[in-house]
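Remarks on the overall topology
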Amino acid sequence: MKILAALIFSFLMLFISCQSAAPKLENLGKAGPIELKRQRIAIQLDEHSLPSYQVFAHFERNQRSMLYGYNPNTKQLDIFNLNTQLVEGHLPLDKIIDAADIQLEQIFVFRETDIFLFGEGQLLRINRQGELQEHHSVQNSWNDAGLQGTPTLSANFGLEYLPEQDSVLFYCQYPLEELNPSLSVIAKYRLADRSWELLPINHLDEVVQAAELAGQMIELVKGNQFDNENLWFGYLYDSAISKFSLVDQSIQMKAPRNDGGMMMHLSTETNNTNLLQAHFMLNPQYFKPLSHPDSSFIFRPYWKAMDLNEIQEKQLTDKRLYISIFNEEGNYLSEFPMEPYRYGINKWFAGSKGLYILVDHPRNFNSNERFLNIDLLQAAL
C-alpha cells in the first residue's frame, strides 16, 4: 500500500506541474463592477412534498414562476409557486403506461398543459391531467437507424423541447473504444417522424487523441435555450462556452479556454478509486451555462479546484462553488465565490429574475426539513 500511495503522490505532483503553464482567463470584472444579490425563498411543505429534488424543471410564463419536482416516493410531480412561495399542487403520474416501472431521469415543462418526461430510453409527453399524449422509444429508434452509442440525458445535458424544430436534443454517449474524431456528440430527435439528425459537434481534441479518458471526464454540458436559433454548450472540464447556430450550423467559441481544460489520461486498465477521486478534486468542473430570454446575463456555476494539500484532508463535497457571469453575447464578465456548504451541484435553473439554486448541500446541517429552500441570485452592472 505504501508503494501504491507513493506512486499516486508522484503522479499527482507531475500532473499539477503540467497544469501550471496553461493560460488563464483575463482579470475579473473587466466589464466594470457587477453586483450579485441573494434573495431567499422558503416554501413550507405539505405532507406530500420533499425538501429537495434530484429531478425537476422550471416553468415561467406570464409572471408565473413554477418549479416541478419529481417525487419518486409518490410517483407524482410536486408543483411549487416561486412567486407566492406556496405549494400549488401535485400531478399524479399513475395514468401513464408503465409509469411505476420507469425511473424518471429528466423532465421539461413546455406549457403547464404540456410536459415531457424521460427515463430509461423512453420519452413521454403528458397533459395537465397526467394522461399520456405521446410515447417515444428513443433507444429503439436510435438502434433502428443504425447509429452508434446511446442517446442520453443527464443533469448536465437536460431535457428540452425545441418547438421551432419540433425536436429534442440528446447527448450521444459512446463506449470508450469507439470514440473517434468523426463522431457527433449531439443528436436531434424529430418527434413528428421519429427520425434523427447528427449535429456537427464533436469532442475536444484531448478526448479524440486519448480515448482512454474515463467516464464523466468527457461529458458534454448543454445550456438552456437562450434564443430560438442557437445552442450554447461546453464541456465538464473546459471553461469555454460555445455557440452553435441551428440555422447555418456554425460554431463560435465565446469564452477563452483556461487551465480548467486539463484532463487526465488514464489507461483502460486503471480502476483506482483514489486516483479518480483525486482527479476530480484537483480539477475544476464547469457545469452547464444558464440564462433566460428576458435576462441580460448568462450564469455558469463551477467547482473550484483544490490543491494537493487540501485533498489529503478534505472530501469532494468540500469543493467551493463559484458562479461565473457572462453577458448575453457570451462574453466573460466576472465570478463570485458562494458560501461554503450551502449548495449541492446541478440544483440550479434560470429565470427572468436570475439564477435559482436549491439550498441542499449534503453537509448543510442547518437545513429545515419542513421547507423547500431556494436562493435567487440576481446580477446587475
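Since the structure is predicted, the reported quantities are computational estimates derived from the model, not experimental observations.

In terms of regular secondary structure, the protein is built from 5 helices and 25 strands. Across the 381 residues that make up the protein, the buried fraction comes to 52%. Long-range pairs, those at least 24 residues apart, make up 54% of the contacts in the protein with a sequence separation of at least 6. As presented, the protein carries roughly 17800 Å² of accessible surface, and 48% of it is formed by carbon and sulfur atoms.

Our focus in this paragraph is the side chain of Thr152. If you trace the backbone, Thr152 turns up in strand E10 (residues 150-152). Discounting chain neighbours no more than four positions away, the residues touching Thr152 are Phe157, Phe170, Tyr171 and Gln173.

Moving on: the pattern of salt bridges. If you walk through the whole model with that rule in mind, you get 15 salt bridges. Here Arg190 makes a salt bridge to Glu197, at a shortest N to O gap of 2.6 Å. Of the charged contacts in the structure, one is a salt bridge between Arg363 and Asp318, with a shortest N-O distance of 2.3 Å. With Arg363 in the loop between strand E24 (354-358) and strand E25 (371-380) and Asp318 in the loop between helix H5 (308-311) and strand E21 (321-327), this pair connects stretches of sequence that are 45 residues apart. Through salt bridges that share partners, Arg38, Arg40, Glu339, Arg342 and Asp375 make up one connected network.

On to the environment of Asp227, then. As for its placement among the helices and strands, Asp227 is situated in the loop between strand E15 (220-222) and strand E16 (230-235). Judged by its relative accessible area of 29%, Asp227 falls in the partly exposed class. Separated by 65 residues in the primary sequence, Asp227 and His292 place their C-alpha atoms 8.6 Å from one another.

Among the nonpolar cores identified, the biggest contains 34 residues, and Phe116, Leu123, Leu159, Phe170, Ile186, Ile201 and Leu220 are the most heavily contacted of them. Contributions of two or more residues to this core are made by strand E6 (106-111), strand E7 (114-119), helix H2 (138-144), strand E11 (161-162), strand E12 (167-173), strand E13 (186-190) and E16. Counting residues per element, this core draws most heavily on E12, which supplies 5 residues. Beyond its immediate chain neighbours, meaning those up to four positions away, Leu220 contacts Asn156, Phe157, Tyr171, Val185, Ile186, Phe233, Gly234 and Tyr235. Counting 22 residues, the second-largest nonpolar core is a separate cluster that includes Phe297, Ile325, Val359 and Leu377.

Analysis parameters
- Residues take numbers from 1 onward in each chain, read along the sequence in its written order.
- Under the rules for a predicted model, residues below a pLDDT of 70 receive no local features and side-chain atom pairs below 80 are neither given nor counted, while totals for whole chains, interfaces and linings still include all residues.
- In computing side-chain properties, one takes all heavy atoms of the structure into account and sets aside hydrogens as well as water.
- Secondary structure elements are defined from DSSP: runs of H or I of at least 4 residues count as helices, runs of E of at least 2 residues count as strands, and each element is numbered from the N terminus.
- A 1.4 Å probe rolled over the protein chains alone gives each residue an accessible area, and that area as a share of the maximum for its type sets the label: buried under 20%, exposed over 50%, partly exposed in between.
- Residue contacts are defined here by distance: any two heavy atoms, one from each residue, within 4.5 Å place the two residues in contact.
- Methods summary: accessible areas were calculated by the Shrake-Rupley approach with a probe of 1.4 Å, and residue burial reflects only the protein chains presented.
- One speaks of a salt bridge when a side-chain nitrogen belonging to Lys or Arg is within 4 Å of a carboxyl oxygen belonging to Asp or Glu.
- Think of a nonpolar core as a cluster: buried Ala, Val, Leu, Ile, Met, Phe, Trp, Tyr and Cys residues, connected wherever their side-chain atoms sit within 4.5 Å.

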